[in-house]
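Take a look at the letters that make up each chain.
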Amino acid sequence: MEEELPPFYGESAKPVQATPSSLKMLDVGKWPIFSLCSEEELQLIRQACVFGSAGNEVLYTTVNNEVFVLGTNCCGCLGLGDVQSTIEPRRLDSLSGKKVACLSYGSGPHIVLATSEGEVFTWGHNAYSQLGNGTTNHGLVPCHISTNLSNKQVIEVACGSYHSLVLTSDGEVFAWGYNNSGQVGSGSTANQPIPRRVTSCLQNKVVVNIACGQMCSMAVVDNGEVYVWGYNGNGQLGLGSGGNQSTPCRLALQGVRVQRVACGYAHTLILTDEGQVYAWGANSYGQLGTGNKSNQSYPTPVVVEKDRIIEIAACHSAHTSAAKTQGGHVYMWGQCRGQSVVLPHLTHLSCTDDVFACFASPAVSWRLLSVEPDDHLTVAESLKREFDNPSTADLRFLVDGKYIYAHKVLLKIRCEHFRSSLDNSEDDIVEMSEFSYPVYRAFLEYLYTDSISLPPEEAVGLLDLATFYRENRLKKLCQQTIKQGICEENAIALLSAAVKYDAQSYYGRLPTS
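Residues numbered from 1 in each chain as written. Predicted model: local features only at pLDDT ≥ 70, side-chain atom pairs only at ≥ 80, totals over all residues. Heavy atoms only, no water.

By the naming in an unreviewed UniProt entry, the protein chain is RCC1 and BTB domain containing protein 2, taken from Pipistrellus kuhlii.

Take a look at the structure:
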């Protein structure tokens, strides 16, 4: 049975975020609309977003930071100043030269785009003030949105069908547009014509991730909590009740720390820091991956093999879900080319974006695609990149209440202490109280990079650690760092360290009064 749809539904919004992931291998030829581009044009593409009611519109950037658009141009959503469709790419001069960081789009469609400098531009459909410019006139060209955002740097954007959210670098959320179900989070159901900060329960929280369903909104905060508001007719808020919420409500998830949230047409996915997936909301196509088609109004675990999940994906225009594992396997479930897949199905694809290019209807992007060439990395460069990477780590150190992510096999190869302490150990969390967070993080980073980057005062603590673990090369690096950083202000503290650790090689260089 189809889930009941609220009024004013349509082809929906997808939060699309530029992320340095497996998109390096993406072949844009999987997206039908790119068949309109020449081979020469395809080779220049750096980023792309496919949208529209039938995957019939696209915005892409080139290696020269030029912005091009192509397609049917419904409601002026190509930003060209007119409503004429174009079968050939046209340059969007008003944005060319700006680096696109992220963008999202709604049902009209309307577009919300943020640059790498944190500026916000909107254009397209605007019947519900979803452009945030204080009017209800459709925007035929990109408009810089600065009201209440002038001193803010926007780092993430998300669109519902007719409302918009942005996240700033200081963890604040601003919302505007259609608000019939409370999706703007203002405490009322009046439409919001300009950006307004979402407060209530988020007042003193630092938000790190946002997403929009068709008429609902989600935010993940830095302590792993999830806050939800807006339409809840299919249980997509996960609160266990059918009532809409006009202000943020905390999701009850005991013992679970959430990293990311993704919204489908009327369902929601979350990814925890332990690589587990939960789902809730509409399920008439099996999009929750629970093995049946019953809606769920509470978070329900999704079993996707034993491997850790590192990425979740949902696209608001389709009832499709996807996930990628640490081992590189890509799974899909829900509505896939007309079939209802009620359990996660292992695909032959290399990234979650290909699920939506090949199996979703319409074939549209769930995030901003990056098609930059994948430059070769040496073994050493690859190891440096993986330090403190929760996506690939199998071990966490808890120091001063903060996690540092590492890899058991590398630690055992690089350090005699870990070779013995981690041997036959199945623990994935190690609590460390003997050393401070900066010192222990620098030690672990050294094992990945063969170098240290610490002020001399912190290097004293690292020297203590190196002595404790009998890491002689690290001791020499610490001594060198302390030597180079000696000055009158820190001489007494460093002199004490020199005496304590018998670091005679730099003892004699300390300044004397």
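**Student:** Give a detailed account of the overall build of the protein chain, specifying residues and quantitative values.
**Tutor:** Assigned secondary structure in the protein chain consists of 10 helices and 29 strands. On the principal axes, the C-alpha backbone points of the protein chain span a range of 75 × 50 × 50 Å. Taking the intrachain contacts of the protein chain between residues at least 6 apart in sequence as the baseline, contacts between residues at least 24 apart amount to 54%. The protein chain carries 37 positive and 51 negative side-chain charges, and their two centres are separated by 3 Å. (Helix = DSSP H or I, 4+ residues; strand = E, 2+ residues; numbered from the N terminus. Contact = heavy atoms within 4.5 Å. Lys, Arg positive; Asp, Glu negative; His and termini not counted. Charge placed at Lys NZ, Arg CZ, Asp CG, Glu CD.)

**Student:** Account for the sheet that holds strand β4 (residues 67-71), with residues named and values stated.
**Tutor:** Judged by pairing direction, the sheet is antiparallel, and its five strands sit side by side in the order β5-β4-β3-β2-β26 without closing on themselves. Whereas interior strands pair on both sides, the edge strands pair on one side only; in this sheet they are β5 (86-91) and β26 (369-370). In terms of strand pairing, β4 meets β5 through three bridges, oriented antiparallel. The residue bridging Val69 from the neighbouring strand is Arg90, located in β5. (Pairing = 2+ DSSP bridges.)

**Student:** Describe in detail the sheet that holds strand β18 (residues 258-263), supporting the description with residues and values.
**Tutor:** In space, the four strands of this open sheet follow the order β18-β19-β20-β21, with antiparallel pairing throughout. The sheet terminates laterally at β18 and β21 (296-302), the two strands that pair on one side only. The average angle at which neighbouring strand axes cross in this sheet is 20°, direction not considered. Pairing geometry for strand β19 (residues 267-272) and strand β20 (residues 277-281), over five bridges, is antiparallel. Among the inter-strand pairings, Thr268 is bridged to a residue of β20, identified as Trp280. (Axes fitted to C-alpha atoms, helices over the stretch in contact; angles between N-to-C directions.)

**Student:** I'd like a rundown of the UniProt feature "domain: BTB" (unreviewed entry) in the protein chain, residues and numbers included.
**Tutor:** Per the UniProt entry, the sites bearing "domain: BTB" (unreviewed entry) are residues 393-456 in this numbering. The straight-line gap between the two end C-alpha atoms of residues 393-456 is 29 Å; of that span, 42% is helix and 22% is strand. (UniProt positions renumbered as here; feature names shortened; annotations may be inferred.)

**Student:** Quick rundown of the pattern of salt bridges? Include the residues and the values.
**Tutor:** Applying the stated criterion to the full structure yields 19 salt bridges. Salt-bridge contacts for Glu156 lead to Arg260; the nearest nitrogen and oxygen are separated by 4.0 Å. Of this pair, Glu156 sits in strand β10 (residues 154-159) while Arg260 sits in strand β18, placing them 104 residues apart in sequence. For Glu225, the salt bridge identified is with Lys205, shortest N-O distance 3.4 Å. Here Glu225, found in the loop between β15 (216-221) and β16 (226-230), pairs with Lys205, found in the loop between β13 (192-197) and β14 (207-212); they are 20 residues apart in sequence, far enough to count as distant. The exposure class assigned to Glu225 is partly exposed, which follows from its relative accessible area of 21%. Salt bridges sharing common partners tie together Lys152, Asp170, Glu172 and Arg197. (Salt bridge = Lys/Arg side-chain N within 4 Å of Asp/Glu carboxyl O. Buried < 20%, exposed > 50% of the residue type's maximum accessible area, 1.4 Å probe, protein only.)

**Student:** Give a detailed account of the pairing of β4, specifying residues and quantitative values.
**Tutor:** Within β4, five of the five residues are buried, which leaves the element mostly enclosed by the surrounding structure. The pairing of strand β3 (residues 57-62) with β4 spans five bridges and is classified as antiparallel. By the bridge assignment, Glu57 is partnered in β4 with Gly71. Between β3 and β4, which pair antiparallel and follow one another directly, the connecting turn spans four residues, one of which, Asn65, has a positive phi of 60°.

**Student:** Please give an account of the environment of Ala393 that cites residues and values.
**Tutor:** Mapped onto the secondary structure, Ala393 falls in the loop between α3 (379-386) and β27 (395-399). It is 37 Å that separates the C-alpha atoms of Ala393 and Gly97, two residues lying 296 residues apart in sequence. Here Ala393 is in contact with Arg308, Gln326, Tyr405, Ala406 and His407, once residues within four sequence places are set aside.

**Student:** Talk me through the side chain of Gln183; I want residue IDs and the actual numbers.
**Tutor:** Tracing the chain through its elements places Gln183 in the loop between β12 (173-177) and β13. Of the polar contacts made by the side chain of Gln183, one reaches the side chain of Asn180; its length is 3.2 Å. Look past the residues within four positions of Gln183 in its chain and what remains in contact with it is His163, Tyr178, Met215, Cys216, Ser217, Trp229 and Gly230. (Polar contact = N/O pair within 3.5 Å; in protein donor to acceptor, adjacent residues only side chain to side chain.)

**Student:** Account for the packing of helix α7 (residues 456-469) against helix α8 (residues 472-484), with residues named and values stated.
**Tutor:** At a minimum axis separation of 9 Å, α7 and α8 run at an interaxial angle of 160°. Judged on the interaxial angle alone, α8 and α7 are roughly antiparallel. The handedness of the crossing between α7 and α8 comes out as left-handed. Of α8, the residues touching α7 (which contributes Pro456, Ala459, Val460, Leu462, Leu463, Leu465, Ala466 and Thr467) are Leu474, Lys475, Cys478, Gln479, Thr481 and Ile482. Split into classes, the residues belonging to the contact of α7 with α8 amount to 10 nonpolar, three polar and one charged. (Parallel < 35°, antiparallel > 145°, perpendicular 65-115°, else oblique. Left-handed = near helix turned anticlockwise from the far one by under 90°. Nonpolar A, V, L, I, M, F, W, Y, C, P; charged D, E, K, R; others polar.)

**Student:** Just give me the short version of the domain arrangement of the protein chain, but keep the residues and values in it.
**Tutor:** Many structure descriptions define interface size as the accessible area lost when the parts assemble. As assigned here, the protein chain comprises domain 1 (32-370) and domain 2 (379-500). Centre-to-centre separation of domain 1 and domain 2, based on C-alpha positions: 39 Å. The interface of domain 1 with domain 2 comprises six residues on the first partner and six residues on the second. Buried area between domain 1 and domain 2, both sides added, is near 500 Å², and the carbon and sulfur share of it is 33%. For domain 1, the biggest contributors to the area lost against domain 2 are Asp273, Arg308 and Gln326; these three give 57% of the whole. At the boundary of domain 1 and domain 2, one finds two salt bridges. When its residues are assigned to classes, the side of domain 1 that touches domain 2 shows one nonpolar, two polar and three charged. (Domains from an automatic or database assignment. Buried area = accessible area lost by both parts, 1.4 Å probe.)

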